[in-house]
Amino acid sequence: MNLIVETNTPRTKLQLKPASPPTDVLSYAVAACDFGKVLVARSASGVCAILLGDETEELTVDLAIRFPQSRLVASEKAVKDDVAKVLQYIEKPSGGLHLKLDLRGTPFQRRVWEKLKTIPVGRTASYRELASWLSPLASPRAVGSACAANPIALAIPCHRVVRGTGELAGYRWGIERKRALIEKEAKA
């Protein structure tokens, strides 16, 4: 095979595309609360994470793992109002938690999370019930996986989902926190 290369033809410039999408900025702050510590993070679109834990470092690492393409900026000022609403909700759940949310997940996860928001304070639902509300083909196990992937504790109340027997099942932020949240909401 003969290959002919002309040296007089102009070469076009290479169009370089970024290897990954541009990063967005997430502002966050950590505050002490009745359940240990709470991290609240927001993007330009809304709150994208409410994480519960015992250690600030543990929470910031969790945030970084959940949002690897984002630039994280510790800024109490940027999330001051959101943190205040979360702390107020923790103190008095009956008032509700009204935040603009930035839901980041698969379409199925977002459907589960939207349905979770319809469970009233003081009530629980089983994984099977929640699955049936979504679709006759939805699996309780898939609902459980969507709950486990939820990065917005409290505002998306995955703690309100229990086993069919009413027993508590796993909770990303610890079964004792789940129990305490359900008990506090039941009294509200």
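Residues numbered from 1 in each chain as written. Predicted model: local features only at pLDDT ≥ 70, side-chain atom pairs only at ≥ 80, totals over all residues. Heavy atoms only, no water.

A. Focus on the nonpolar core. If you look at the biggest cluster of nonpolar residues, it comprises 52 residues, and the most contacted ones within it are I50, V86, L116 and L154. Looking at this core, the elements that each hand over two or more residues are β1 (25–33), β2 (36–42), β3 (47–53), α1 (56–66), α2 (76–91), α3 (107–116), α4 (127–134) and α5 (140–149). No other element matches the 6 residues that β3 contributes to this core. Structurally, this core is a two-domain feature, drawing no fewer than three residues from each of domain 1 (24–95) and domain 2 (107–187). When residues no more than four places from it in sequence are discounted, the contact partners of I50 are V38, L39, V86, L97, L99, P151, I152, A153, L154, A155 and W173. (Core = buried A, V, L, I, M, F, W, Y, C linked by side-chain atoms within 4.5 Å. Buried < 20%, exposed > 50% of the residue type's maximum accessible area, 1.4 Å probe, protein only. Helix = DSSP H or I, 4+ residues; strand = E, 2+ residues; numbered from the N terminus. Domains from an automatic or database assignment. Contact = heavy atoms within 4.5 Å.)

B. Summary view of the pairing of β1. Taken together, the 4 bridges between β1 and strand β4 (residues 71–74) define a ladder with parallel strand orientation. Paired with L26 across the bridge in β4 is L72. For β1 and β2, the ladder comprises 7 bridges, and the chain directions are antiparallel. For A32, the partnering residue across the bridge sits in β2 and is K37. Between β1 and the antiparallel strand that follows it, β2, lie 2 residues. (Pairing = 2+ DSSP bridges.)

C. Examining the pattern of salt bridges more closely. All told, the structure shown has 11 salt bridges when counted by the stated rule. In this structure, the salt-bridge partner of R66 is D62, at a minimum N-O distance of 2.9 Å. Of this pair, R66 and D62 both sit in helix α1, 4 residues apart, which is roughly one turn of the helix. With a relative accessible area of 23%, R66 lands in the partly exposed category. Taking relative accessible area as the criterion, D62 reaches 11% and is therefore assigned buried. Residues E167 and R163 are paired through a salt bridge, measuring 3.7 Å at the closest nitrogen-oxygen approach. Among the residues examined, R163 registers a relative accessible area of 42% and is labelled partly exposed. Salt bridges here are not isolated pairs; linked through shared partners, they connect D24, D102 and R104. (Salt bridge = Lys/Arg side-chain N within 4 Å of Asp/Glu carboxyl O.)

D. Examining α2 more closely. Where α2 bends most, at D82, the angle is about 35°. Turning to α2, its buried residues are V79, D82, V83, V86, Y89 and I90. Elements in contact with the buried residues of α2: β1, β2, β3 and α6 (175–187). (Bend = angle between axes of the 7 residues up to and from the residue.)

E. Fine view of the packing of aromatic side chains. One pass over the full model with this rule turns up 1 aromatic pair. Here Y171 and W173 contribute two aromatic rings whose centre-to-centre distance is 5.5 Å and whose plane-to-plane angle is 70°, an arrangement assigned as edge-to-face. Residues Y171 and W173 agree in their burial class; the two are buried. (Phe/Tyr/Trp six-rings, centres within 6.5 Å; stacked < 30°, edge-to-face > 60°.)

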